Amino acid sequence: FEVERLLGAGGMGAVFKAHQPRLKRDVAIKVLTLDCAEEPHFKARFEREARIVAKLEHPNIVPIYDFADVDGQPYLVMKYLEGHTLKAMSARNGVSLNEILRIMPPIASALDFAHRDGVLHRDIKPSNIIIGEDGTPYLTDFGLARMAQMGESTLSADVLLGTPNYISPEQAMGRRDVDARTDLYSLGVVLYELVTGRVPFS
């Protein structure tokens, strides 16, 4: 891959735009900010989780093309999308009711599809919803919270994973036995914020 530029960074990693010359395509590379090189069995667990997420084939889920690590630093290779996040769209002009009605059903469908496969997102928020240039909404960063949780050398069991304004009470309490309802709670918070202009709890 030929890395071209940094697209953005967050709590769990940095995203770069890159080019893949052999396949003549642009890709997005998400480098997870974890220092797990010395942790036994981390690589196997990371690969297992990445394979699970990579099997999610849905028109509104950003596909994962590949995964690997460099000196213990794990990264994911994903489809590169021209567009903007729902967070940026909302901050710039707000989102009309018609747009909300257009964007939310495909995202809910993508989430339902993942849940039927037993995959939780754990970090639903406006910055993880991308609106492509053609207007198609995509859910991204599936499974990253779980992948980060496996890096016990850098993230202890009591570290909060997810974004506080959007995570469910059970996730905020650090419970490990969360299910699909935790994602639905977060999606409800996103919908509430789009309609009212603020999150229900801060």
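This text follows the structure it describes.
Everything numeric in this text was worked out from a predicted model, so none of it was measured.

### What about the pairing of strand β5 (residues 73-79)?
Extensive coverage of β5 is indicated by the burial of 5 of its 7 residues. Relative to β5, strand β3 (residues 25-32) runs antiparallel, the two being bridged by 5 bridges. Bridge pairing links K30 to L76 in β5. Both strand β4 (residues 64-70) and β5 contribute to a ladder of 6 bridges, which runs antiparallel. Counterpart to I64 in the pairing with β5 is M78. Hairpin connection of β4 to β5: 2 residues between the antiparallel strands, including D71 at a positive phi of 50°.

### Details of the side chain of S186
With respect to the helices, strands and loops of the structure, S186 is situated in helix α6 (residues 180-196). Owing to a relative accessible area of 2%, S186 belongs among the buried residues under this scheme. Polar contacts involving the side chain of S186 include one to the main-chain carbonyl oxygen of Y166, which spans 2.7 Å. Excluding anything up to four places from it in sequence, S186 contacts I124, Y166, I167 and S168.

### Brief notes about the nonpolar core
Generally speaking, a soluble globular protein has its nonpolar side chains buried in company with each other. Grouped together as the largest cluster of nonpolar side chains are 37 residues, with contacts concentrated most on L86, L139, F142 and V190. Elements that contribute at least two residues to this core include exactly α1 (42-54), β4, β5, α2 (86-93), α3 (97-116), β7 (129-132), β8 (137-139) and α6. For V190, the contacting residues outside a window of four places in its chain are L86, M104, I124, K125, P126, I129 and Y166. Core analysis: the next-biggest nonpolar cluster, separate from the first, contains 5 residues, A18, I29, Y75 and V77 among them.

### Comments concerning the sheet that holds β4
Spatially, β1-β2-β3-β5-β4 is the arrangement adopted by the 5 strands of the open sheet, whose pairing is antiparallel. Because the sheet does not close on itself, it has two edges, and the strands there are β1 (2-9) and β4. Direction aside, the axes of adjacent strands within the sheet are offset by 25° on average. Each of β3, β4 and β5 touches α1; the most contacted strand, β4, lies at about 170° to it.

### Thoughts on the environment of T33
Examined against the element boundaries, T33 turns out to sit in the loop between β3 and α1. Separated by 21 residues in the primary sequence, T33 and M12 have C-alpha atoms spaced 5.6 Å apart.

### Thoughts on α6
Taking 1.5 Å of rise per residue, 17 residues should cover 24 Å, and α6 covers 25 Å from first to last C-alpha, within 8% of that figure. Against the buried residues of α6 lie α2, α3, β7 and α5 (169-172). Following α6 by one or two positions, G197 has its phi on the positive side, about 90°.

### With respect to unusual backbone geometry
Positive phi outside glycine occurs at K24, with the angle close to 50°. Relative to the helices and strands, K24 is located in the loop between β2 (13-20) and β3. For K24, a relative accessible area of 70% puts it in the exposed group. In this structure, R122 is a non-glycine residue whose phi angle is positive, near 75°. Locating R122 in the fold gives a position in the loop between α3 and β7. Assessed through its relative accessible area of 13%, R122 is described here as buried.

What counts as what
- Residues numbered from 1 in each chain as written.
- Predicted model: local features only at pLDDT ≥ 70, side-chain atom pairs only at ≥ 80, totals over all residues.
- Heavy atoms only, no water.
- Buried < 20%, exposed > 50% of the residue type's maximum accessible area, 1.4 Å probe, protein only.
- Helix = DSSP H or I, 4+ residues; strand = E, 2+ residues; numbered from the N terminus.
- Pairing = 2+ DSSP bridges.
- Polar contact = N/O pair within 3.5 Å; in protein donor to acceptor, adjacent residues only side chain to side chain.
- Contact = heavy atoms within 4.5 Å.
- Core = buried A, V, L, I, M, F, W, Y, C linked by side-chain atoms within 4.5 Å.
- Axes fitted to C-alpha atoms, helices over the stretch in contact; angles between N-to-C directions.
- Expected span 1.5 Å × (residues − 1).

The values reported here are purely geometric and, on their own, carry no functional implication.
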